[in-house]
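Architecture at a glance
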Amino acid sequence: MPKIKLGNRHFYYEIEGKGHPLVLVPAYTCDIHLYDSIRAGLAEHFQLYLIDNRGSGQSDHAQDPYTVDDMASDTIGIIRALKLKKPHVLGSSMGSAVVQTVAAKHGDEIGKCVLAYPFPKMTAVGAAALSFIYHLRMDGARPARLAESVMPWILSNSFMANTHAVSAFVDIFTSNPAPQSESDHKLQLDALLKFDSRKWLKNITAPILAICGEEDILAPPKEFQKLAKSMNNVKLKIIPEMGHAVHAEMPEEFNKLVIEFLKS
C-alpha cells in the first residue's frame, strides 16, 4: 500500500494512467473510491494521483481538530513530496473547498482547477443536512440506513426512481473496506462547516472549471455563481436535472467536460 509521510502523518495514495499529473481530492467522509466511476476514463488522458484525506480511507486518523486550510496544506505537501510539476487538481464538494484553498495559497504550484459541486460556504440547509446524518450515525443507525439518508441529498430524482440503482448505491456505501471512524467523521464535519471562501475566492488566478448540478441541494449553483460572476478565470457548467453527484450519474459526460477543459 503506497503511503507518503508528512510530518508524523501518513497519507494513502494511488497512481494510475499516463500524461500530465491530475490530483483528485475526495469529498466529505469519502476516500479515493469516490472516483471509481471516472478514474479509468481520466487515466486515459492524465496520470492520476488519488489521495485519501486525513482521517479518511487508508490515511492516518486525524486525532486532533483541523481545518480545510490544514487539508490544503496536506494536499500541497503531497504534491511537493511526489515532485509533481504544475499538476491539475480536481476536488468534489468538500474536496472543492480544499482545491479552492490550494489555488488561493499555492496557485503558482498548480495548473488548472476543477471544482465539482463547489460552494464558498456551506448553506444553513446543507449544514443541517450533514449534521443530521452525523447525528443519525451517533444514534446507532446502521450503514444501510445512513446510505438511505444520504441519497436524497446528493442524487437526482431520476436516480432515486431507479430501484436497482438505489440498491447498488447502498451496497457500495456499506461495503467500504476502510469506513471512516465516528471521531474522524465529527472532526471532518467541524472543519467543513468552518470553511468560508467568500472574501478571497476572487483572488484565485488559476483557470477554474466549476461543474454544478442544477438541482443540487447541498451546494446550490447560485451560491458559487454569485462570486464567479466577478471572476474572468471561471468556466461554469451547470448540468440540468442533476444534484451533487454528476460524476457518479453521468461519468462519461463529466469526464468529457474535465478532459476538454484541462487540455484546452
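What comes next is a walk through the structure. Since this is a predicted model, take the numbers as computed values, not measurements.

**Section: the overall build of the protein**
- Scanning the protein for helices and strands turns up 11 helices and 8 strands.
- In summary, the protein has a C-alpha radius of gyration of 17 Å against a globular reference of 18 Å for 264 residues, a match within 12%.
- The dimensions of the protein, computed from C-alpha atoms along their principal axes, are 45 × 45 × 35 Å.
- Counting across all 264 residues of the protein, residues that qualify as buried make up 54%.
- In the protein, the proportion of contacts linking residues at least 24 apart, taken out of those at least 6 apart, comes to 76%.

**Some words on the packing of helix α4 (residues 124-138) against helix α5 (residues 143-154)**
- Orientation of α4 relative to α5, taken along the N-to-C sense of each, is 170 degrees, at an axis distance of 10 Å. One finds that α4 runs roughly antiparallel with respect to α5. Contact with α4, carried on its side by Val125, Ala129, Ile133, Leu136 and Arg137, involves Leu146, Ser149, Val150 and Trp153 of α5 and no other residues of that element.
- Classifying every residue of the contact of α4 with α5 gives 7 nonpolar, 1 polar and 1 charged.

**Focus on the sheet that holds strand β2 (residues 9-16)**
- Sheet architecture is open: 8 strands sit in the order β1-β2-β4-β3-β5-β6-β7-β8, paired in mixed fashion. This sheet does not close on itself; its edge strands, each paired only once, are β1 (3-6) and β8 (234-239). Here the average twist between neighbouring strands, direction ignored, is 20 degrees.
- For strand β6 (residues 113-116) and strand β7 (residues 208-213), the ladder comprises 4 bridges, and the chain directions are parallel. Bridged to Leu115 within β7 is Ala210.
- Across the face of the sheet, helix α3 (residues 94-106) comes into contact with β3 (20-25), β5 (88-92) and β6 while running at roughly 145 degrees to β5.
- Helix α9 (residues 221-228) contacts β6, β7 and β8 of the sheet and is inclined by roughly 160 degrees relative to β8.

What counts, and at which threshold
- Residues numbered from 1 in each chain as written.
- Predicted model: local features only at pLDDT ≥ 70, side-chain atom pairs only at ≥ 80, totals over all residues.
- Heavy atoms only, no water.
- Helix = DSSP H or I, 4+ residues; strand = E, 2+ residues; numbered from the N terminus.
- Rg over C-alpha atoms; globule rule 2.2 N^0.38 Å.
- Buried < 20%, exposed > 50% of the residue type's maximum accessible area, 1.4 Å probe, protein only.
- Contact = heavy atoms within 4.5 Å.
- Axes fitted to C-alpha atoms, helices over the stretch in contact; angles between N-to-C directions.
- Parallel < 35°, antiparallel > 145°, perpendicular 65-115°, else oblique.
- Nonpolar A, V, L, I, M, F, W, Y, C, P; charged D, E, K, R; others polar.
- Pairing = 2+ DSSP bridges.

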